[in-house]
Structures are given as structure tokens and as C-alpha cells.
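# Inside the fold
One-letter residues, chain by chain:
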Amino acid sequence: MAELREVQITEEKPLLPGQAPEVAKEAELAARILLDQGQTHSVETPYGSVTFTVYGTPKPKRPAILTYHDVGLNYKSCFQPLFQFADMQEIIQNFVRVHVDAPGMEEGAPVFPLGYQYPSLDQLADMIPCILQYLNFSAIIGIGVGAGAYVLSRYALTHPDTVEGLVLINIDPNAKGWMDWAAHKLTGLTSSISEMILGHLFSQEELSGNSELIQKYRNIIAHAPNLDNIELYWNSYNNRRDLNFVRGGDNTLKCPVMLVVGDQAPHEDAVVECNSKLDPTQTSFLKMADSGGQPQLTQPGKLTEAFKYFLQGMGYMASSCMTRLSRSRTASLTSAASIDGNRSRSRTLSQSSESGTLSSGPPGHTMEVSC
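The model shown is predicted, which means the values in this text are computed figures rather than measured ones. (Residues numbered from 1 in each chain as written. Predicted model: local features only at pLDDT ≥ 70, side-chain atom pairs only at ≥ 80, totals over all residues. Heavy atoms only, no water.)

### What to know about the overall build of the protein chain
Of the regular secondary structure elements, the protein chain holds 15 helices and 11 strands. Expressed as a percentage of its 371 residues, the buried residues of the protein chain come to 49%. Partitioning the contacts of the protein chain with sequence separation of at least 6, the portion at a separation of at least 24 is 72%. Accessible surface, the protein chain: about 18,200 Å² in total, of which carbon and sulfur atoms supply 53%. (Helix = DSSP H or I, 4+ residues; strand = E, 2+ residues; numbered from the N terminus. Buried < 20%, exposed > 50% of the residue type's maximum accessible area, 1.4 Å probe, protein only. Contact = heavy atoms within 4.5 Å. Areas by Shrake-Rupley, 256 points an atom, 1.4 Å probe, with all protein chains shown as cover.)

Here you go:
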């Protein structure tokens, strides 16, 4: 009875009828706002600490979408335009997202001390299991750009059972050859680190045009307080090993893959070569017109549409409305005509990996979307 009296005395203002649901609703709203803002975590790994931000809540029987950014960027500057795009909201409501920042690339990151040994890209890939273990996630769909695409590919090679699909933008699976190495060294004698990274991110046409987007990212990189850290990530990328993809061999990506590159982008040839080395029944190839070196920044709408189509091919979001595809009604059974060198404003979604198009559906079926 003494305990009962204590409870009664403490409850000076008992809940009024109907108040409890309102309190619960306010708590739910507060939690939703917190999730919309993202929750940032850091976890220790054998190769140092890694920071990542989680948006949303895990969905039953659905993998997490995990992103990895390119050199010179962090998760916000690399992916925010894509994930804030209106049509992307339908996707992010159905998946929890994990945005990984490479070590030292997160906002407010301290500069590493002189002589710090930055992880190799292989070691960055080996950090991902620590992230998934921390979050208790068992499977992912990865979206990577440039160096991030390489990291996710390396992870998928060593942990194929945990990767359901990959979207690889501007991937270069090859190690730098002697000619590339010599050219890189010569460029370093006449160009700053920030200019070399800009040349990696954007096409020469974009840099010459000096658009508002280029000015923005030139300013971000050139005045980054962690530029020394960025240079370390840049060096790790340039010292990457060859992924050694073999079509039909054991060393290949075993999940569905969508390769993406902009028309006349710096990495167009590398992505085309990567496409020729992967399983054509599992690989989609999307070459996007008028998108430059960073399609996720310049053409988030087109990339969102392709990503929805990719997810549908994996069995997710079957009821999603493909708005642009439905409006354009340009489905075709002919293969892409881009091989003859004509650069049409229509790009092709095709099952054949070798034809330089984005695959979906039965072999030979081609769907064109206006780009």
C-alpha cells in the first residue's frame, strides 16, 4: 500500500480522457522529424572510425539502401539532390537509407595528423560489415559514385550474400597503368589537388562552361577545411587495385547491377569496358545524355526513374507508377542505334549488356526513355 500511495501522490495531474493518444501522436511526430533529419553514428573498425547517417526505419524483408560517395564530396554534396528529388520520395518511404562518409570526409571532420596512413579502397570496403553489424542489417542495395562505386563493388565481391543489387555511377574497375600514372604525375606538377579532383568529377566541357554547378563545387572543394583528408582519399583511389572482373568467371558481381555514366563523361570508356566484363543477364547499362560527369547532380529525375525501374526488376515496388515512362510511351523492340555514333536524345533500356543500354525485362526487349 505504501508504494501505491507514492504513485498516487506523484500523479498530481492525471491524464484527461483522450489525452494519451495525443501524447502518443506528438511522440510519433517527434520521432518522425528526428528520422527525417537523419541519425549520425560512428563505429570503430580495424582500419579506423567511419561515420554514417541513417534515414528512416528498417522495413521487413527489405534491404537497406547504402550509398558511398566519390572523392572530393561527402554524402550530402554527392547524393542530396538525388534523394531530395520529388519522385524519389516514393522510394525512400519504402527503404531505410544508410549514407556512408569515407573517413575524414564527414562535415566537421578534423584533419588527420601528418603521416596518417589512410585506408586503401579495399580496406574502406572492409569497413562496411562493421556498419551493417552495428545496425543489425543483413542486406543492402548499394549506390556508389566513382571511388564509392569501386568500394561497393569490392565489398560485393567479398560479401555477395549481403548485396541484393548495385547502382554503380562512373565506376572504373581498372588499376591505373603506367601511362595513367605518368599522366597523373605530370598533371600534379601544373594543377592543384582541387583542380585535379574537379577533372575527375566533371567533363572538360562542363569545366570550360563554368556553370553555376561547377562554380559551386569548385568552391566547395577548393575551400574545404579537410582538403588534406580529401587528398588522402584521392591518393587511395589512384592506388586502387584492379577488380579483375571476368565475364562468365567466378570473380564477378553476382547481383543485379545498373551501370550509369553521363554522355561524354570522364569515365565513359571505363564504364563501357566494365559493362563488357560483367554478366549481361544481370547487368544494365544506362548512358545518360546531357548529364555530364555527375548524373545524380545534373539529372536526378532521370536517374530516379531508372532506379525505380531497376527496383521493380528486382521485385520491389511493383505498384510504383513509372510516370515518365508512362507518359513517353516510347517502348520499342529494336536495339539501340547509338552504336553507329549518332548521339540521340533518347536513351535505351535494354536487357543486352553489350549493346550499351540499360537492361530490364526479357532478352531483346528495349524500352526507350526520353533523356
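### Observations regarding unusual backbone geometry
You will see that Asn210, though not glycine, has its phi angle at about 50 degrees, which is positive. Asn210 sits in the partly exposed class, given a relative accessible area of 33%. Phi is positive for Asn244, close to 55 degrees, though the residue is something other than glycine. Note on placement: Asn244 falls in the loop between α11 (227–238) and β7 (257–262). On the basis of relative accessibility, which here comes to 47%, the residue Asn244 falls in the partly exposed class.

### A word on the sheet that holds strand β6 (residues 163–169)
The sheet built from eight strands is open, its strands ordered β1-β2-β4-β3-β5-β6-β7-β8 with mixed pairing. Every other strand in the sheet has two partners, leaving β1 (39–45) and β8 (283–288) as the edge strands with one partner each. Strand after strand, the sheet turns through a mean of 20 degrees between neighbouring axes, direction not considered. One ladder, built from four bridges, connects strand β3 (residues 64–68) with strand β4 (residues 97–101); its direction is parallel. Within β4, the position partnered with Thr67 by the bridge is His99. Helix α12 (residues 268–277) contacts β7 and β8 of the sheet and is inclined by roughly 160 degrees relative to β7. (Pairing = 2+ DSSP bridges. Axes fitted to C-alpha atoms, helices over the stretch in contact; angles between N-to-C directions.)

### Comments concerning the environment of Tyr55
Within the element layout of this structure, Tyr55 appears in strand β2 (residues 48–55). Through-space distance from the C-alpha of Tyr55 to that of His99 is 8.3 Å; in sequence the pair is 44 residues apart. A distance of 2.8 Å separates a polar atom in the side chain of Tyr55 from a polar atom in the side chain of Tyr75. (Polar contact = N/O pair within 3.5 Å; in protein donor to acceptor, adjacent residues only side chain to side chain.)

### Overview of the packing of aromatic side chains
Under the counting rule described, the total for this entry stands at 10 aromatic pairs. Seen in terms of ring centroids, Phe95 and Tyr316 are 5.6 Å apart; in terms of plane orientation they differ by 80 degrees. Their pairing is edge-to-face. Taken together, the residues span a long stretch of sequence, with Phe95 in the loop between α4 (89–92) and β4 and Tyr316 in the loop between α14 (300–313) and α15 (323–328) at a distance of 221 residues. Taken as a pair, Phe95 and Tyr316 share a single burial class, namely buried. Summarising the aromatic geometry, the rings of Phe112 and Tyr116 are spaced 4.1 Å apart at their centres and angled 10 degrees between planes, so their arrangement reads as stacked. Exposure remark for Tyr116: the relative accessible area of 27% places this residue in the partly exposed category. One aromatic cluster in this structure is built from Phe112, Tyr116, Tyr118 and Tyr233. (Phe/Tyr/Trp six-rings, centres within 6.5 Å; stacked < 30°, edge-to-face > 60°.)

### Some details on α11
Over its 12 residues, α11 extends 16 Å from the first C-alpha to the last, a length consistent with the 16 Å expected when each residue adds 1.5 Å. Within α11, the full set of buried residues consists of Asn229, Ile230, Tyr233, Trp234, Ser236, Tyr237 and Asn238. (Expected span 1.5 Å × (residues − 1).)

### With respect to the confidence of the model for the protein chain
Any residue range with low pLDDT should be treated as having predicted coordinates unsuitable for detailed reading. Confidence along the protein chain averages 81 in pLDDT terms, with 72% of residues attaining 70 or more. Across residues 29–35, confidence stays below pLDDT 50; counting only partners more than four residues off in sequence or on other chains, it has five contacts. In the model, residues 324–371 has pLDDT below 50 throughout and makes 108 contacts with residues more than four positions away in sequence or in other chains. (pLDDT = per-residue confidence, 0-100.)

### Section: the packing of helix α8 (residues 193–201) against helix α10 (residues 212–222)
In the contact formed by α8 and α10, the axes pass within 9 Å of each other and the chain directions differ by 135 degrees. Judged by the angle between their axes, α8 and α10 are oblique. Of the two possible hands of crossing, α8 and α10 adopt the one that is right-handed. Here Ser194, Glu195, Ile197, Leu198 and Leu201 of α8 come into contact with α10, specifically with Tyr217, Arg218, Ile221 and Ala222. For the contact of α8 with α10, the residue count by class is six nonpolar, one polar and two charged. (Parallel < 35°, antiparallel > 145°, perpendicular 65-115°, else oblique. Left-handed = near helix turned anticlockwise from the far one by under 90°. Nonpolar A, V, L, I, M, F, W, Y, C, P; charged D, E, K, R; others polar.)

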